[in-house]
Amino acid sequence: MATTSRVGQDPASSISETAADLIAREKTFGARNYDPLPVVLARGEGAWVADIDGRRYLDLMSAYSAVSFGHGHPRIVGALIAQAQRLGVTSRAYHNDELPLLLERLTRLTGLDRALPASGGAEAVETAIKAARKWGHKIKGIAEGRAEIIGCHGNFHGRTITATGLSTEAQYRDGFGPFPPGLSTIPYGDADALLNAITPRTAAFLVEPIQGEAGIVLPPSGYLARCLEICRERRVLMIVDEVQTGLGRTGRFLACEHEGVRPDGIILGKALGGGLLPVSAFVATNDVMQVFRPGDHGSTFGGNPLAAAVAMAALDVLFDEKLIERSAELGAWLLEDLQDLRSHVVRDVRGRGLFIGIDVVPHLGARPVVDRLLARGILSKDTHGTVVRIAPPLNIARQDLGWAAQEIRAVFREFERDLKRAA
């Protein structure tokens, strides 16, 4: 896709009849659990996408890190096509010749012992919680049905009933109860809160190394390492949710590596599917994985040869193209470049690697910023009301990222001028 004619689409302007018709059909026939920006995407290549009317946009969202290698990476697409023509889905009733290679690679990359494949990230989270509960009952000796899981305020581990039961976001919980028992939360970034919350019934502590949905929230330095010490001292599993932060997003293969932390379990997803398929996995120690026996847990599509081949290709691209190093370098540059945004409109610019949040003052909110960026040909997304998420593909061209930074600054200058006029 050529990198000229960066147009975009102003949400306040009219859209084509075809686009309007498709949006209307989605609203009519689809459940209204999303509020998409008014753009109908049809093609993508690298960090760029185009809508059905031919307008082009630079993708600074990467489908919440699922498209970390860009749209339609030829090497990953090639692996998908070749494997699809050979063998797609078999179920785990049989062995296949692709899954063992992926399992071995995930364990070697994480330094853990065994991997359990799944599809979406939420499914992998559920797998981790099931493993932690059974470990608590069968290995730690917690009375049956009494095992507890501790999470953090502001967490996002998916949309299942269990994950929602751990959420502290009122909308995520509204009307979906009753939730499973044995779930509690503590303040994020407070290791002492974890120490005080652990009881003899605590099986596991589930934590994100950086909270993405909460607004790219980084914990204090040393937090994860201290939490791991506490979990070791109190015989509690530490499980790190790396669905959004893993596979190079923060400038390390795993975000927990910034503190040299090797937890008992790691949850992977999103980028593992190369932007083409839902692929996830729970990777853990032998101590944790020993709780599973044949028939205890399963996933029809988890570990299918097509998904395994795509995941292997995605990992090849990650390392062969040195995208982890690229994320660290470009992320540090962009974070520094955007620091001058701090103003009457912007409260904070924070992040790690290519995982950055721009925190906007509440009376403005992030959605108007996202809309203006869309008009300038940049796709981003608001989260937690006031934060604009910046998470482009790790292989984005530096000149494209530089152009995006200029456009972002221009948008905030516009809001500064608007604020002065209104004063």
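Residues numbered from 1 in each chain as written. Predicted model: local features only at pLDDT ≥ 70, side-chain atom pairs only at ≥ 80, totals over all residues. Heavy atoms only, no water.

*Asks:* Let's hear about empty space enclosed by the protein: which residues, and what values?
*Replies:* Scanning the model with the defined rule gives three cavities of 30 Å³ or more in all. Approximately 50 Å³ is the volume attributed to the largest cavity. Class assignment of the residues belonging to the lining of the largest cavity gives a composition of seven nonpolar, one polar and three charged. (1 Å grid on protein atoms, 1.4 Å probe; cavity = no way out; pocket = protein on both sides within 12 Å on 5 of 7 lines; lining within 4 Å. Points joined across faces, edges and corners; volume = space filled by probe spheres on them. Nonpolar A, V, L, I, M, F, W, Y, C, P; charged D, E, K, R; others polar.)

*Asks:* Can you break down the layout of surface pockets residue by residue, with the values?
*Replies:* Taken as a whole, the second largest pocket encloses approximately 500 Å³ of empty space. In terms of lining, the second largest pocket is formed by 18 residues, of which the most central are Arg-92, Ala-115, Leu-116, Phe-292 and His-297. For the lining of the second largest pocket, the secondary-structure elements that each account for two or more residues are helix H4 (99–110) and strand S4 (114–118). At four residues, S4 tops the list of elements feeding residues into the lining of the second largest pocket. Across the lining of the second largest pocket, the residue classes tally to seven nonpolar, six polar and five charged. (Helix = DSSP H or I, 4+ residues; strand = E, 2+ residues; numbered from the N terminus.)

*Asks:* Got a sec to walk through the packing of helix H3 (residues 74–86) against helix H11 (residues 305–320)? Specific residues and values, please.
*Replies:* It is at 9 Å that the axes of H3 and H11 come closest, and there the two elements cross at 160°. By the angle between their directions, the pair H3 and H11 is classed as roughly antiparallel. The handedness of the crossing between H3 and H11 is right-handed. Contacts between H3 and H11 involve Arg-75, Ile-76, Ala-79, Leu-80, Gln-83 and Ala-84 from the first element and Pro-305, Leu-306, Ala-309, Val-310, Ala-313, Ala-314, Asp-316, Val-317 and Asp-320 from the second. Per-class residue counts for the contact of H3 with H11 are eleven nonpolar, one polar and three charged. (Axes fitted to C-alpha atoms, helices over the stretch in contact; angles between N-to-C directions. Parallel < 35°, antiparallel > 145°, perpendicular 65-115°, else oblique. Left-handed = near helix turned anticlockwise from the far one by under 90°. Contact = heavy atoms within 4.5 Å.)

*Asks:* Describe the side chain of Thr-245, and please don't skip the residues or the numbers.
*Replies:* Of note, Thr-245 is situated in the loop between strand S8 (237–241) and strand S9 (265–268). Classification of Thr-245 as buried rests on a relative accessible area of 2%. Among the polar contacts made by the side chain of Thr-245, one reaches the side chain of Glu-242 at a distance of 2.6 Å. With residues up to four places along the chain from it excluded, the contact list for Thr-245 reads Pro-209, Ile-210, Thr-250, Ala-255 and Phe-355. (Buried < 20%, exposed > 50% of the residue type's maximum accessible area, 1.4 Å probe, protein only. Polar contact = N/O pair within 3.5 Å; in protein donor to acceptor, adjacent residues only side chain to side chain.)

*Asks:* Which residues make up H11, and what values do they have?
*Replies:* End to end, H11 covers 22 Å across 16 residues, agreeing with the expected 22 Å (1.5 Å per residue, within 8%). With 13 of 16 residues buried, H11 is to be regarded as a mostly interior element. Backbone nitrogen of Leu-306 and a side-chain oxygen of the N-cap are separated by 3.0 Å at the start of H11; the cap is Asn-304. After H11 finishes, the residue Lys-322 shows a positive phi value of roughly 50°. (Expected span 1.5 Å × (residues − 1).)

*Asks:* Requested: an account of helix H12 (residues 323–337), with residues and values cited.
*Replies:* Compared with an ideal rise of 1.5 Å per residue, which puts 15 residues at 21 Å, H12 spans 20 Å between its outermost C-alpha atoms and is within 8% of the ideal. Regarding H12, the residues found buried are Leu-323, Ile-324, Ser-327, Leu-330, Gly-331, Leu-334 and Leu-335. Down the axis of H12, the buried side of the element spans an arc of 135°, and every buried residue falls inside it. For H12, the exposed residues lying more than 90 degrees away from the buried face are Glu-329 and Glu-336. On its buried face, H12 sits against H11, strand S11 (346–351), strand S12 (356–360), strand S15 (387–390) and helix H14 (398–422). (Arc of directions from axis to C-beta.)

*Asks:* Just give me the short version of the side chain of Glu-213, but keep the residues and values in it.
*Replies:* With respect to the element layout, Glu-213 can be found in the loop between strand S7 (202–207) and helix H9 (223–234). Overall, Glu-213 belongs to the buried group, its relative accessible area being 16%. Residues in contact with Glu-213, not counting those within four places in the same chain, are Tyr-64, Phe-156, Tyr-172, Gln-244, Thr-383, His-384 and Arg-389.

*Asks:* Tell me about the sheet that holds S12, and please be specific about residues and values.
*Replies:* Here four strands make up an open sheet; going across it, the order is S11-S12-S15-S14 and the pairing antiparallel. Here the strands that pair on one side only, and so sit at the sheet edges, are S11 and strand S14 (381–383). Across the sheet, the mean angle separating the axes of adjacent strands is 25° when strand polarity is ignored. Where S14 lies against S15, three bridges are found, and the strand directions are antiparallel. If you follow Lys-381 over to S15, its bridge partner there is Arg-389. (Pairing = 2+ DSSP bridges.)

Any link to function would need more than the numbers given here.
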